[in-house]
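# Observations on the model geometry
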Amino acid sequence: MIPVTKTFLPPQEEYNSYVKRAWDKVWLTNRGELTLELEDKLKNLLGVSNLIITNNGTIPIQIALKLFGEGGEIITTPFSYVATSAAIVWENCKPVFVDINPDYLTIDETKIEAAITPKTTAILATHVFGNPCDVIAIENIAKKHNLKVIYDAAHCFGVKFNNQSVFNFGDVSTCSFHATKLFHTGEGGAMFCNDAAIFHQLYYSHNFGHNGPLAFHGLGINAKISELQSALGLAVLPYMDHIISERKKVVDFYNNNLNFNTVKTLKIRENTEWNYSYYPVILDSEETLLKVLEALANDNIIPRRYFYPSLNTIEYTKGEKMPVSESIASRILCLPLYVGISEADLKNITQIINTQTS
Ligand SMILES: *Cc1c(COP(=O)(O)O)cnc(C)c1O
């Protein structure tokens, strides 16, 4: 089977050598030495000032919303993974959707101000497929209306915008280290911020609110990662250049071989150093998409309908109509993209798509 993605696994001995340190110390969680080492290495690699590793990429969104959402209206994108909207509803806030830009697939910043009401507390936008939102425009809107900005940057490991990590934008950015993501710890994630006071809030929130063993700064939850997961992260980390350059080759192949008279792909925002995290193709209709899916399935090639459905159409979000997002969600497909996919498979995939769409 050719899946949409395949988890990169480092040599098992390299993972074991990190796990041995946890065994030797008999220390499996609560910010042990492997977690601290991974945080340090990530800070240096990414060029960020504050980062906290967490046990997945959803809980940092929930923590940020718990701190800044205040049960109000959260302006958000309908085109993302379900975790973005679900976190808003889970934290008893109300998602207020703003449609997306049809080329960049990120929230349409020109429509945000019209959606702001006295109940709006924050903007939660996704850098979809690692493509940054218009972070400068959004920052200006947020300042003008005194709103917090949270970025779901789950797809953004290694992405730079204006020569710095995209995680440096917004009041809080979050990332996922899930096994299907570029850099992973099996399950895991992180939250990033620049402000020292916000960092303090995020920090205690992720560890039950503790202020030492006997006192509390405030309300908290358990978002800590285990040493076994951090060991995996430490073993994957040295391969990130390799992972990104191998993925670039796959992206280059698709770019050079798909027929762009009949399919469209993502437009990467200007001044972005991208990470080749996903390869979406947008077809002319859902009918064509279903035809392409069937032809690929005949050869045991299983891409994914990322992202479908448009999140405003989910029963519990109670969203208004979002014509651009709903249209794109109905006819977008992410193609297989991972380290080790063969050129023969890529040829076959592009041939099938070109034939089915011509
Ligand atoms: C993967 C993903 C998440 C959730 O991350 P987990 O680590 O699986 O909790 C959130 N948002 C987006 C856009 C994602 O792709």
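This is a predicted model, so every value here is computed, not measured.

## Topic: the packing of aromatic side chains
Going through the model one piece at a time under the given rule, you end up with 15 aromatic pairs. Centre to centre, the rings of Phe79 and Phe129 are 6.1 Å apart; their planes meet at 80°, and the pair counts as edge-to-face. Taken together, the positions of Phe79 in the loop between β3 (73-76) and α4 (82-90) and Phe129 in the loop between β5 (120-126) and α5 (135-145) put the pair 50 residues apart, joining distant regions of the chain. In this pair, the class of Phe79 matches that of Phe129, namely buried. Between the aromatic rings of Trp274 and Tyr276, the centroid separation amounts to 5.2 Å while the plane-to-plane angle is 55°, which identifies the pairing as tilted. Just as Trp274 is buried, Tyr276 falls in that class too. Of the aromatic side chains, those joined through ring pairs into one cluster are Phe79, Phe129, Tyr278, Tyr306 and Phe307. The ring of Tyr104 has Arg269 lying over it, and the distance from NZ or CZ to the ring centre is 4.2 Å.

## Examining helix α2 (residues 33-46)
Across its 14 residues, α2 extends 20 Å between first and last C-alpha, which sits within 8% of the 20 Å expected from 1.5 Å per residue. Among all positions in α2, only Leu34, Thr35, Leu38, Glu39, Leu42 and Leu46 are buried. Along α2, the residues classed as buried sweep out an arc of 135° about the axis, all on the same side. Those residues of α2 that are buried are in contact with α1 (12-25), β2 (50-54), β8 (164-165), β10 (189-193) and α7 (227-236). Directly beyond the C-terminal end of α2, a positive phi value near 70° is found at Gly47.

## Re the UniProt feature "active site" (unreviewed entry) in the protein
Sites flagged by UniProt as "active site" (unreviewed entry) map to Lys181. If sequence neighbours within four positions are ignored, Lys181 has contacts with Ala154, His155, Ser176 and Tyr278.

## Quick look at the domain arrangement of the protein
Considered domain by domain, the protein is made up of domain 1 (12-238) and domain 2 (240-357). A straight line from the C-alpha centre of domain 1 to that of domain 2 covers 25 Å. The interface of domain 1 with domain 2 comprises 40 residues on the first partner and 37 residues on the second. Of the roughly 3400 Å² buried between domain 1 and domain 2, counting both surfaces, carbon and sulfur atoms make up 64%. Ranking the residues of domain 1 by area buried against domain 2 places Tyr104, Phe129 and Leu182 at the top, with a combined share of 23%. Connecting domain 1 to domain 2 are one salt bridge. The interface formed by domain 1 and domain 2 holds 19 residue pairs in polar contact (both at pLDDT 80 or more) in total. Going through the elements one at a time, α4, β4 (94-97) and β7 (160-161) are the ones with two or more residues in the side of domain 1 that touches domain 2. The dominant element in the side of domain 1 that touches domain 2, judged by the number of residues it contributes, is α4, at four residues.

## Here we look at the sheet that holds strand β9 (residues 172-176)
Read from one edge of the open sheet, seven strands run β2-β10-β9-β6-β5-β3-β4, paired in mixed fashion. Two strands lie at the open edges of the sheet, namely β2 and β4, each paired on one side alone. Neighbour-to-neighbour, the strand axes of the sheet open up by a mean angle of 25°, direction not taken into account. Two elements, β5 and strand β6 (residues 148-152), share five bridges in a ladder whose sense is parallel. Opposite Ala125, over in β6, you have Tyr151 as the bridge partner. Helix-sheet contacts for helix α6 (residues 196-205) involve β2, β6, β9 and β10, and the interaxial angle to β2 is about 15°.

## Side note on the side chain of Asn354
Mapped onto the elements of the fold, Asn354 is located in helix α11 (residues 343-357). Among the polar contacts listed, one links the side chain of Asn354 to the backbone oxygen of Asn257, at a separation of 2.9 Å. With residues up to four places along the chain from it excluded, the contact list for Asn354 reads Asn257, Leu258 and Asn259.

## Focus on the packing of helix α8 (residues 240-257) against α11
Between α8 and α11, the least distance of the axes is 10 Å, while the angle of their chain directions is 35°. In the packing of α8 onto α11, the handedness of the crossing is right-handed. Between α8 and α11, the residues in contact are Val250, Phe253, Tyr254 and Asn257 and Glu343, Leu346, Lys347, Ile349, Thr350 and Asn354, respectively. A class-by-class count of the residues in the contact of α8 with α11 yields five nonpolar, three polar and two charged.

About the thresholds
Just so you know, the residues in each chain are numbered from 1, in the order the chain's sequence is written. Only residues with pLDDT of at least 70 are given local features in this predicted model, and only at 80 or more are side-chain atom pairs given and counted; all residues enter the totals for whole chains, interfaces and linings. As a convention, hydrogens and water are excluded, and side-chain values are obtained from all of the structure's heavy atoms. When the centres of two rings from Phe, Tyr and Trp lie within 6.5 Å, Trp using its six-membered ring, the rings pair. Their planes under 30 degrees apart give stacked, over 60 give edge-to-face, and anything left gives tilted. Comment: elements are numbered from the N terminus, with helices defined as DSSP H or I runs of at least four residues and strands as E runs of at least two. Exposure is judged per residue with a 1.4 Å probe applied to protein chains only, and the accessible area is read against the type maximum: over 50% gives exposed, under 20% gives buried, and values in between give partly exposed. Charge-over-ring contacts are defined here by two conditions on Lys NZ or Arg CZ: a distance within 6 Å of the ring centre and an angle within 35 degrees of the ring normal. Helix span, expected: 1.5 Å multiplied by one less than the number of residues in the helix. The directions from the helix axis to the C-beta atoms are what the arc is built from. Working rule for contacts: check all heavy atoms of both residues, and any pair within 4.5 Å makes them a contact. UniProt positions are given in the numbering used here, feature names are shortened, and annotations may be inferred rather than shown by experiment. In this entry, domain limits derive from an automatic or database-based domain assignment. Buried area is a sum: the accessible area each of two parts loses on coming together, probed at 1.4 Å, counted once for each and added. By salt bridge we mean one thing: a side-chain nitrogen of Lys or Arg within 4 Å of a carboxyl oxygen of Asp or Glu. Side-chain atoms alone can form a polar contact between residues adjacent in sequence; in general such a contact is a pair of N or O atoms within 3.5 Å, and within protein one must be able to donate a hydrogen while the other accepts it. Two strands form a pair only when DSSP identifies at least two bridges running between them. Each axis is a line fitted through C-alpha atoms, taken for helices only over the stretch in contact, and angles between the N-to-C directions span 0 to 180 degrees. Crossing handedness follows the turn of the near helix against the far one: under a right angle anticlockwise gives a left-handed crossing, and clockwise gives a right-handed one. We call Asp, Glu, Lys and Arg charged. Ala, Val, Leu, Ile, Met, Phe, Trp, Tyr, Cys and Pro are nonpolar, and the rest, Gly among them, are polar.

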